[in-house]
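Below are the chains, spelled out letter by letter.
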Amino acid sequence: MSRPQLTAVELSHPDGTTTPGIERERRTDSAGGHTQERVVVAVATDGDVTEIDTAASRVAAIDGQQAELVRDVLGDRVGDTDD
């Protein structure tokens, strides 16, 4: 059984730094007539996996060797959960 391809992404922080992670969920939130695209990104933090819910505009897909490294590090830890 093959695992679905996990999307490796880079999360941009307000201070200009970035954190690589795996996209877990993408959705649109709406309240009071306003909508916002949101993304949940799983990142490694001090040996644990943390999920960060953020604006989609702060998340960009990555590819190549960096994406493979992110999938190698986080893939087994986030790819086998049932949502």
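Data block above holds the structure.
The text that follows walks through the structure, step by step, so that each part is easy to find.

Criteria and thresholds
Residues numbered from 1 in each chain as written. Predicted model: local features only at pLDDT ≥ 70, side-chain atom pairs only at ≥ 80, totals over all residues. Heavy atoms only, no water. Helix = DSSP H or I, 4+ residues; strand = E, 2+ residues; numbered from the N terminus. Buried < 20%, exposed > 50% of the residue type's maximum accessible area, 1.4 Å probe, protein only. Polar contact = N/O pair within 3.5 Å; in protein donor to acceptor, adjacent residues only side chain to side chain. Pairing = 2+ DSSP bridges. Axes fitted to C-alpha atoms, helices over the stretch in contact; angles between N-to-C directions. Contact = heavy atoms within 4.5 Å.

### Quick notes on the side chain of Thr54
Note on placement: Thr54 falls in strand β4 (residues 48-55). Looking at Thr54, the relative accessible area reads 4%, which means it is buried. Here the side chain of Thr54 touches Arg58 through a polar contact of 3.2 Å, side chain to side chain.

### Looking at unusual backbone geometry
Despite not being glycine, Asp46 has its phi angle at roughly 50°, a positive value. Note on placement: Asp46 falls in the loop between β3 (34-45) and β4. Classification of Asp46 as exposed rests on a relative accessible area of 78%.

### A short note on the sheet that holds strand β2 (residues 18-31)
Spatially, the five strands line up as an open sheet ordered β4-β3-β2-β1-β5, and their pairing is antiparallel. Edge strands, defined here as strands with exactly one partner in the open sheet, are β4 and β5 (59-61). Strand-to-strand twist of the sheet, defined as the mean angle between neighbouring strand axes without regard to direction, takes the value 40°. As judged from the three bridges shared by strand β1 (residues 8-12) and β5, these two strands associate in the antiparallel manner. Looking at β5, one finds that Val9 is bridged to Ala61. Most of the contacts of helix α1 (residues 64-78) go to β2, to which it runs at about 70°, and overall it touches β1, β2, β3 and β4.

### What to know about the environment of Glu51
Structurally, the position occupied by Glu51 is in strand β4. The class for Glu51 is partly exposed, based on a relative accessible area of 48%. Each C-alpha atom of the pair Glu51 and Val39 lies 9.9 Å from the other, and the pair is twelve residues apart in sequence. What Glu51 contacts, discounting residues up to four positions off in sequence, is Arg24, Val40, Val41 and Ala42. A polar side-chain atom of Glu51 sits 3.1 Å from a polar atom in the side chain of Arg24.

None of this, on its own, says anything about what the molecule does.
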